[in-house]
Amino acid sequence: MSTTASSPSSPALALPRPTPRTYTATPARSPTSLAVAIRSSMDSPPPQQEPPKRVLVCGGGVIGVCTAYFLSKSGAASVALVEQSSVACAASGKAGGFLALDWCDGGPLGPLARASFDLHRALAAELDGPRTYGYRALTTLSLTVKESETESAQQPKRAPRDDAVLPDWVDGPGRAAREIGSTDTTAQVHPQLFTRALLDKAARDYGLEVVIGKATRVNADGRGRVSSVVLEGGRVMEADAVVLALGPWSGKFGLLSSQFGVYGLKAHSIVLEPREPGSIGPQALFLRFLPSGGGPAMDPEVYPRPTGEVYLCGMSSREEVPDDPSEVSPNPESIKVLKRVARAVSTRLADGAARVKAEQACFLPCTEDGVPVIGELPGLEGCYVAAGHGCWGILNGPATGAAVAELVLEGRARTVDLTRFSPARFVVSRKR
């Protein structure tokens, strides 16, 4: 259920602050050594199997958590989530959390995005999303902001009032403003709180087990079907179905990287706490930012949150993904540019008017064809992948999780057709 936006004078919503989780792992089993048998994607499909009794989901980002949530909620199998660091510690904790109903229409993501937008609304009603993780409907605007040559030395010029669509808090030199999303078609969540709310619900009410450990290998039996996952240190976790939702770390997992590529797009963001949070309204901004002194235009984004915080992101580049999420650090120059954007947009976000709460970066998982990889891996029965969602991971997490859960338990997805996302497309392309 969507919420109506509060007025600019309303106090900031007091959402729970993200806190570290500690999970206790179950005792280790002795390791086994089984080779993974790879079948050709052109082979005949295996006969219908019984629903799996034990499912392991590897990856504690929004895609893995949504998948584990719907699997465990079904009650059809025992489900465990395996995460190497902490839940929502990477892009799922540092993303903007913007949701759009129809922005992916006309492309392969369109049906997935529409189904997921509706699922977000349903989950918000089920989990009290407005209170627990800041779900709310938004008005979304695009505008051009030209940075003053004097930067923040003087107050930015007030936007002309013929741009009547601009809210009062956007008092910088913005122009050509237009509405590109309404409260019916755009919304937001706090991504880390959303991901953890799903995890907590699944663990508390549906029996989801959470294990901290790094998956290093998937084992198969002599018939070419998943049998277990090996964790770093040698622990073996038995399973008859495995979902690999490893985000940008998919490219470092040999079973996946041998079949397709997932690379990391490093995106930067800052989180500001204005001195007057009640003066910032619920309008998301998609900017065309023209820096002073010339140079190429940039496309940063601004998301006020019901917590009173304001999130700004942009400055993306393709870089090598480190082995450990804790090793990701922002580029200082990129952070400086985002602070300049904040000053140009609003005096309420300028130095002295807002405290910088976070300077951060994360890696968005991207594929070479721009389409997520979702489905059963060719050649390894019972092993599924869900990765490569790019900048739309938070939006498309629920529908991806629901569809993968259906695929694992029933043999086909009902929430959305996953054919376009199948990893088999890479096998076919290599044979051409």
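Residues numbered from 1 in each chain as written. Predicted model: local features only at pLDDT ≥ 70, side-chain atom pairs only at ≥ 80, totals over all residues. Heavy atoms only, no water.

## Some remarks on the sheet that holds strand β12 (residues 241-244)
Here's step 1: Overall, mixed pairing links the 6 strands, which are arranged β8-β2-β1-β12-β19-β18 in an open sheet. Only two strands of the sheet have a single partner each, and these edge strands are β8 (209-212) and β18 (373-376). The mean inter-strand angle of the sheet, taken between neighbouring strand axes irrespective of direction, is 20°.
Here's step 2: Sheet topology places strand β1 (residues 54-58) next to β12; 4 bridges connect them, and they run parallel. For V57, the partnering residue across the bridge sits in β12 and is V243.
Here's step 3: Those strands touched by helix α1 (residues 62-74) are β1, β2 (78-83), β12 and β19 (383-387), and its axis lies near 165° from that of β2. (Pairing = 2+ DSSP bridges. Helix = DSSP H or I, 4+ residues; strand = E, 2+ residues; numbered from the N terminus. Axes fitted to C-alpha atoms, helices over the stretch in contact; angles between N-to-C directions. Contact = heavy atoms within 4.5 Å.)

## Some points on the packing of aromatic side chains
Here's step 1: Within the structure shown, the criterion is met by 11 aromatic pairs.
Here's step 2: A ring pair is formed by F98 and Y303, whose centres lie 5.5 Å apart and whose planes are at 5°; its orientation type is stacked. Placement of F98 in strand β3 (residues 98-100) and of Y303 in strand β15 (residues 301-304) is noted, with a sequence separation of 205 residues between them. The burial state of F98 is the same as that of Y303; both residues are buried. (Phe/Tyr/Trp six-rings, centres within 6.5 Å; stacked < 30°, edge-to-face > 60°. Buried < 20%, exposed > 50% of the residue type's maximum accessible area, 1.4 Å probe, protein only.)

## What to know about empty space enclosed by the protein
Here's step 1: Scanning the entire structure with this criterion turns up 2 cavities of 30 Å³ or more.
Here's step 2: Counted as a void, the largest cavity has a volume near 50 Å³.
Here's step 3: Taken together, I270, L272, K339, A342, R343, L349, A350, D351, A354 and V356 make up the full set of residues lining the largest cavity.
Here's step 4: Put simply, the parts of the chain that give the lining of the largest cavity at least two residues each are β13 (262-274), α7 (332-345) and β17 (354-367).
Here's step 5: Classifying every residue of the lining of the largest cavity by side-chain character gives 7 nonpolar, no polar and 3 charged.
Here's step 6: For the second largest cavity, the calculated volume is near 30 Å³.
Here's step 7: For the second largest cavity, the full set of lining residues is C89, A90, K94, W249, P325, V328, A361, C362 and F363.
Here's step 8: Among the residues making up the lining of the second largest cavity, the classes are represented as 8 nonpolar, no polar and 1 charged. (1 Å grid on protein atoms, 1.4 Å probe; cavity = no way out; pocket = protein on both sides within 12 Å on 5 of 7 lines; lining within 4 Å. Points joined across faces, edges and corners; volume = space filled by probe spheres on them. Nonpolar A, V, L, I, M, F, W, Y, C, P; charged D, E, K, R; others polar.)

## With respect to the packing of α1 against helix α8 (residues 393-410)
Here's step 1: One can describe the packing of α1 onto α8 by two numbers: an axis separation of 7 Å at closest approach and a directional angle of 40°. Classified by the interaxial angle, the pair formed by α1 and α8 is oblique. Judged by the sense of rotation from one axis to the other, the crossing of α1 with α8 is right-handed. Contact residues: V62, I63, C66, T67, F70, L71 and S74 in α1; G393, I394, G397, P398, T400, G401, A402, V404, A405, V408 and L409 in α8.
Here's step 2: Tallied by class, residues from the contact of α1 with α8 come to 12 nonpolar, 6 polar and no charged. (Parallel < 35°, antiparallel > 145°, perpendicular 65-115°, else oblique. Left-handed = near helix turned anticlockwise from the far one by under 90°.)

## A closer look at the packing of helix α3 (residues 110-127) against α8
Here's step 1: At a minimum axis distance of 7 Å, the contact between α3 and α8 shows a crossing angle of 90°. By the criterion of interaxial angle, the relationship of α3 to α8 is roughly perpendicular. Where α3 approaches α8, its residues L112, A113, A115, S116, F117, L119, H120 and L123 are matched on the opposing element by I394, L395, N396, G397, P398, A399, T400 and A402.
Here's step 2: Of the residues contributing to the contact of α3 with α8, the split by class is 11 nonpolar, 5 polar and no charged.

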